[in-house]
Amino acid sequence: SVKELGEWSFSYGGDELFITLPKFLEEIPACCFRCTDLASMNMPPYLKVIRSGNALNFDNTPVVVFPEGFECLEDDTFNVEVPIYLPSTVKEVAPDWYYEDIIGFCGNMIPKVWISPNNPNFDTFKEKLDSGHHIEQVSLAELPKKCEEWRKKLLKIR
């Protein structure tokens, strides 16, 4: 029945946490998961916004897929080299959506961004985000193959 989380509520929460967020959660507030190592976390189907400063860390996730309806990804929300998939409904992505200190862990590669071909903001994102993101339009059906190609590329770099 939880519909809202507080800022800093899981911050500095330790390692390997398994978090199941409530189905009707629409927003992850600022710094809610800062410096918390997550083994896994679901993306609730009604999630619309992840506020800044979360530095989410998913060690065992091949790609973070946001649900249709998701709209906004603010700065410093991820602390991983894992690529993200943005649905057709995303309207805003901060240029620094990933925590800058991760650059270097991944051969100086900025995390990959895949965007639904149905997202009308693709050109805006391509201009706004760092060219190192290798922004691409990809359908959900193509995503598993793209993830595998990306993983192989990272292994060669390392």
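Residues numbered from 1 in each chain as written. Predicted model: local features only at pLDDT ≥ 70, side-chain atom pairs only at ≥ 80, totals over all residues. Heavy atoms only, no water.

Here the focus is the packing of aromatic side chains. In total, this model carries 5 aromatic pairs according to the counting rule given. Ring geometry for F10 against F33: centres 5.1 Å apart, planes inclined by 5°, an arrangement best described as stacked. In this pair, F10 sits in the segment before β1 (14–19) while F33 sits in the loop between β2 (27–28) and β3 (36–41), placing the two residues 23 residues apart along the sequence. Through pairs of rings, three or more aromatic residues link up here, namely F66, F70, F78 and W97. (Phe/Tyr/Trp six-rings, centres within 6.5 Å; stacked < 30°, edge-to-face > 60°. Helix = DSSP H or I, 4+ residues; strand = E, 2+ residues; numbered from the N terminus.)

This part is about unusual backbone geometry. The backbone phi angle of W8 is positive, close to 65°, even though this residue is not glycine. One can find W8 in the segment before β1. Although it is not a glycine, D76 sits at a positive phi angle of roughly 50°. Turning to its location among the elements, D76 is positioned in the loop between β7 (72–73) and β8 (84–86).

When pLDDT is averaged along the protein, the result is 84, and 89% of the positions lie at 70 or above. Mean pLDDT values over the elements of the protein span from 72, in strand β5 (residues 57–58), up to 95, in strand β4 (residues 49–50). (pLDDT = per-residue confidence, 0-100.)

A word on the pattern of salt bridges. Pairs may arise between side chains of opposite charge once their charged atoms sit close together. In total, this model carries 6 salt bridges according to the counting rule given. In this structure, the salt-bridge partner of E71 is K91, at a minimum N-O distance of 3.9 Å. A residue pair is termed long-range when its members are at least 10 positions apart, and E71 in the loop between β6 (64–65) and β7 and K91 in the loop between β8 and β9 (92–93) qualify at 20 residues. Residue class for E71 comes out partly exposed when judged on its relative accessible area of 29%. Judged by its relative accessible area of 54%, K91 falls in the exposed class. Linked through salt bridges whose partners overlap, the residues forming this network are E27, R51 and E74. (Salt bridge = Lys/Arg side-chain N within 4 Å of Asp/Glu carboxyl O. Buried < 20%, exposed > 50% of the residue type's maximum accessible area, 1.4 Å probe, protein only.)

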